[in-house]
Each structure stands twice: as C-alpha cells, then as structure tokens.
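Understanding the architecture of this molecule
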Amino acid sequence: MSVVTVQLGQCGNQIGHEVFNAICGDIHGTHGLCSKKENESYHDACKERFFSEEESEVPVARAVLVDMEPKVISQTLSLAARSGYWKYDDRSHFCQKQGSGNNWANGYSVHGPRHKEVIMNLVQKEAEKCDRLGGFFTIMSMAGGTGSGLGAFVTQGLRDAFPNSFILNHVIWPYGTGEVIVQNYNSVLTLSHLYRSSDALLVHENDVVHKICAQLMNIKQISFRDVNQVIAHQLGSVFQPTYTAESGLHYSRNPLGDLMETLVPHPEFKMLGLRNIPQMPENSLAYSTFSWPGLIKHLRQMLIANAKMEEGIDWQVKPPRLGCSIPSSHSTEKPLHFNTSIANLVILRGKDTHGVDLGSFQDPSLYTSWLKPQDAFNVWKTPRAFNKYEKSAALVSNSQFLLKPLDNVVGKAWNMFASKAYIHQYTKYGIEEEDFLDSFTALEQVISSYTTL
C-alpha cells in the first residue's frame, strides 16, 4: 500500500525532502547485510510505499508540496531533481507569493478556504496514482502560519474527502525559547484542531533534536539542515519496510494502519513520540560495536525515564511495583517521575534480530492498567540494516512523554491570552476568543487524560 506525503510550509517541505533523501539513500546503500533476495523484496516494498515509477526510470515521490511563498518549494524541487536518485512530480505543488506572516488565523481562515480546491485536487490526483492508498502523512511545523494554520485546514479537508483513510500528522514542536512571539498561540490552535481530525500526531521537539546534533552527532554549528536530517533518519527508521507479527513472511503492507493499530487504542490518546538508538557521526561507526542486550537496556530506560537520547539517561528511575500507587508529582524540582505508557512499538533492524529478548518491555508496570502488556507492546523486525547501522532500534511510544512541553505551551499561551496580547491579529481574520477557549479546553482535556494514566 502507498502513502501520500503532504508537505506544508517551509519546515514541512524541507523535512519532507530530507525524508525522501534518507529513504533513497537507504535503498541505494550497499550496507544491507542481508541476502540479495531479502534486499530485493525490501526495495520493492519501499518503492511501492513512497514512490511511483514513471517512464523516466527515476522514482517520483508520492508527495504534494504546499507553501504560501515560492522560494522553498523551488529549492526543494531542484535539489531533488539534481540528486539523480529521485524527484518530485513537477505538477504536484502549489505556492503563492504572499506567505502567512506566522499567523495561524491567516493560514487557516484565509489561505485555507481560498486555495482548498486546488490543493485537494492535487492530493486527489496523487491518491489516484496509488494502486492501494494506505493513507496520508502530513509534515508541518506548529509555530508559523502556513504549516500550522493551513496544515490544520488541509488535515480537516483530508478527513472530509477520505473518511476511511489513515491520517498521521508529523508535527515539529517549536524551540522553547522560540523564533515567533505568537508561537504558543499557533501551537495551541494547531494541536487542538489536529486532535479532531487526525488519527495520530507524531511529534519531534526542535530542542531535543538540536541536542542530539550537538551531543551525539558532534556538530559544532548546527543548521536547520542538520536538524532535519536527524528527524528524517528517525522517520525512515519507522517507515522503511519491516515484518510485523501479522505480516508473516511478507513485508507489512500498510505502515500507517499498522502503526495506528498497535499504538492508538483510544481516540483520546493520539500523541506519539519517537526515539532512536544508536545515533552517531558516520566516521565513528567503524569504531563502535553494539550488542542487542545493551541497545534494548538503554532503549527501555530511555522510555521509563523519558530520556530523548541515549546520553544523560537517569538510571535511578525504576518502574513502580505493581499495587503501589505512583505519587503524581508536578513540583518544580525534578522528581523521579516515571513515564507511564499506553502502548509501545519497538522496531529492530540489522543482524541477529530473531533472538533478541524484549521481555523487559512486556513488564505490566510500564503500562496503564486498562491494556494487557501483550496488547500494549509490539515488535517489528527486519534483517535488512538501516542507513549504515549494523544494528539499530527505534521506539515509537504513546506515553506521557509530551506532558511537560504541552503543559508549558498551554500555560504560556494562556498567560498571553489572559492579558489579551496579540489577540487582535487573530480576530481580524475571524478567529474569535471563543475559538481560543475551545482550543484551551480541548488541550486541558488531553493533559488531564495523560496525567491520570
């Protein structure tokens, strides 16, 4: 089954390009470490997912590019074409000249309705090229105007036009210090609207990825491209083909459907986080060896201590003994707060994956009481190595990992809203105070649901 990617705004288009690059780099890499037959079926499954074959022999990304200013899209199109490995369809993009001025209301209430027909037609054409449509993967930022406002509008449009297709929104959480004064407003409005129409939100935090670039990749002057490449690598490690328990001897057909089935058991809980291990500069790989028990031990501790990377994990955090109540602590000092999960998915790639012991992820104390561990935990594997790593593991988790950032964003937005700061910039485009209040209420409900796990 095929996935149509919708790239929205500057951030969405730049990340989308890096994702297709990472996937293509992985297909063409000589580091598969598996049999020729295995490699071929991996290739075929990947191509069907993300590319359509044209007469030109160069795979064409199944993607629609949308932005309200032309610069990034034209750069993205030409970069892809120059790679020689893949390209975008020249007719699958839409841009305007005026931008959204970092204003969510402008993207949602003005550009959205004005350009809805053109954008949805592009999506429809892309969907019709698929033999079987698995769903939509949208990539957007929460802080600006186009990705967030137009992105929320387009997601609703997708839900209306394709009521039975899966929609996964990939959302970039803005830097805490922030580039945009109204980013917390934009974030609150985006999240609350996406929560209504999306099946799940996969979140990357800019601050976390920045840290990975600095501490794990040893990059001295970090550019947006560096950040986007780390994000693309992590996304590739989830979306490249694997064997699931149900798929048996064939690569799984529907990555989005499988993801929702394993990780989103209830519509109140849609926030997914992604962790990836190991991550290091390429020149260090030759000097590093990894064992599965070591990788799994680190990955599990990253999960329960809510560490976003393998450096600086708090090893003091232990699962609560069943039967004890967990003291819920929201104090300012850093409590030994345990990250409770609803569901987890571990994806193993590389050699000797068949014998890996994942019993530590099936411990009932890791999960909420209303799901059995055998339902809450799943594993996907493939002997095909990913992106030069002989062994690598990814963890996609539906857990309390976003509570603190979410609480922060809602709190900051509420403080601005209480003093009516910048509200006039939204009301002039038809987003009223009522709409803000609805969004706050929706997100308070999400925070409360995750807090009481």
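Residues numbered from 1 in each chain as written. Predicted model: local features only at pLDDT ≥ 70, side-chain atom pairs only at ≥ 80, totals over all residues. Heavy atoms only, no water.

1. With respect to the confidence of the model for the protein
As a general rule, the predicted coordinates of low-pLDDT regions are not to be interpreted in detail. Mean pLDDT over the protein: 91, with 96% of residues reaching 70 or higher. Here residues 325-335 is modelled with pLDDT under 50, and outside its nearest four sequence neighbours on either side it reaches 5 contacts, counting other chains as well. (pLDDT = per-residue confidence, 0-100. Contact = heavy atoms within 4.5 Å.)

2. Focus on the side chain of Thr190
Positionally, Thr190 belongs in helix 6 (residues 183-197). From its side chain, Thr190 meets the backbone oxygen of Asn186 in a polar contact 2.5 Å long. Setting aside anything within four residues of it in sequence, one finds Thr190 in contact with Trp104, Met140, Met142 and Ser148. (Helix = DSSP H or I, 4+ residues; strand = E, 2+ residues; numbered from the N terminus. Polar contact = N/O pair within 3.5 Å; in protein donor to acceptor, adjacent residues only side chain to side chain.)

3. Details of the state of the cysteines
Scanning the model with the defined rule gives 0 disulfides in all. Free cysteine: Cys24, not disulfide-bonded; nearest cysteine sulfur from Cys46 at 7.4 Å. Not engaged in a disulfide, the cysteine Cys213 finds its nearest cysteine sulfur in Cys11; these two sulfurs lie 14 Å apart. Classification of Cys213 as buried rests on a relative accessible area of 0%. (Disulfide = S-S within 2.5 Å. Buried < 20%, exposed > 50% of the residue type's maximum accessible area, 1.4 Å probe, protein only.)

4. Observations regarding empty space enclosed by the protein
Here the structure, examined in full by the defined rule, presents 5 cavities of 30 Å³ or more. Size it by volume and the largest cavity reaches roughly 110 Å³. Contributions of two or more residues to the lining of the largest cavity are made by strand 8 (200-205), helix 7 (206-216) and strand 9 (271-277). Looking at side-chain class alone, the lining of the largest cavity contains 6 nonpolar, 3 polar and 3 charged residues. The volume enclosed by the second largest cavity comes to roughly 60 Å³. For the second largest cavity, the full set of lining residues is Thr5, Val19, Phe20, Ile23, Phe50, Phe137, Ile139, Leu235, Gly236 and Phe239. At the level of elements, helix 1 (9-28), strand 6 (133-141) and helix 8 (224-239) are the ones that each hand at least two residues to the lining of the second largest cavity. (1 Å grid on protein atoms, 1.4 Å probe; cavity = no way out; pocket = protein on both sides within 12 Å on 5 of 7 lines; lining within 4 Å. Points joined across faces, edges and corners; volume = space filled by probe spheres on them. Nonpolar A, V, L, I, M, F, W, Y, C, P; charged D, E, K, R; others polar.)

5. A short note on the sheet that holds strand 9
The 10 strands are arranged 5-4-1-6-7-8-9-12-10-11 in an open sheet whose pairing can be described as mixed. A strand with exactly one partner marks an edge of an open sheet, and here the two such strands are strand 5 (93-95) and strand 11 (377-382). For this sheet the average axis-to-axis angle between neighbouring strands, irrespective of direction, equals 20 degrees. Here strand 1 (residues 2-8) runs beside strand 4 (residues 63-67); their pairing, made up of 4 bridges, is parallel. Within strand 4, the position partnered with Thr5 by the bridge is Ala63. (Pairing = 2+ DSSP bridges. Axes fitted to C-alpha atoms, helices over the stretch in contact; angles between N-to-C directions.)

6. Overview of the environment of Gly312
With respect to the helices and strands, Gly312 occurs in the loop between helix 11 (292-304) and strand 10 (341-350). For Gly312 and Met302, which are 10 residues apart along the polypeptide, the C-alpha to C-alpha distance reads 9.5 Å.

7. Digging into the pattern of salt bridges
Throughout the structure, instances matching the rule amount to 13 salt bridges. The shortest N-O distance in the salt bridge between Glu126 and Lys129 comes to 3.2 Å. Its salt-bridge partner being Arg159, residue Asp199 comes within 2.9 Å of it at the nearest N-O pair. Placement of the pair is Asp199 in the loop between helix 6 and strand 8 and Arg159 in helix 5 (residues 146-161), with a sequence separation of 40 residues. Judged by its relative accessible area of 18%, Arg159 is buried. It is possible to trace a salt-bridge network through shared partners that takes in Asp89, Arg91, Glu126 and Lys129. (Salt bridge = Lys/Arg side-chain N within 4 Å of Asp/Glu carboxyl O.)

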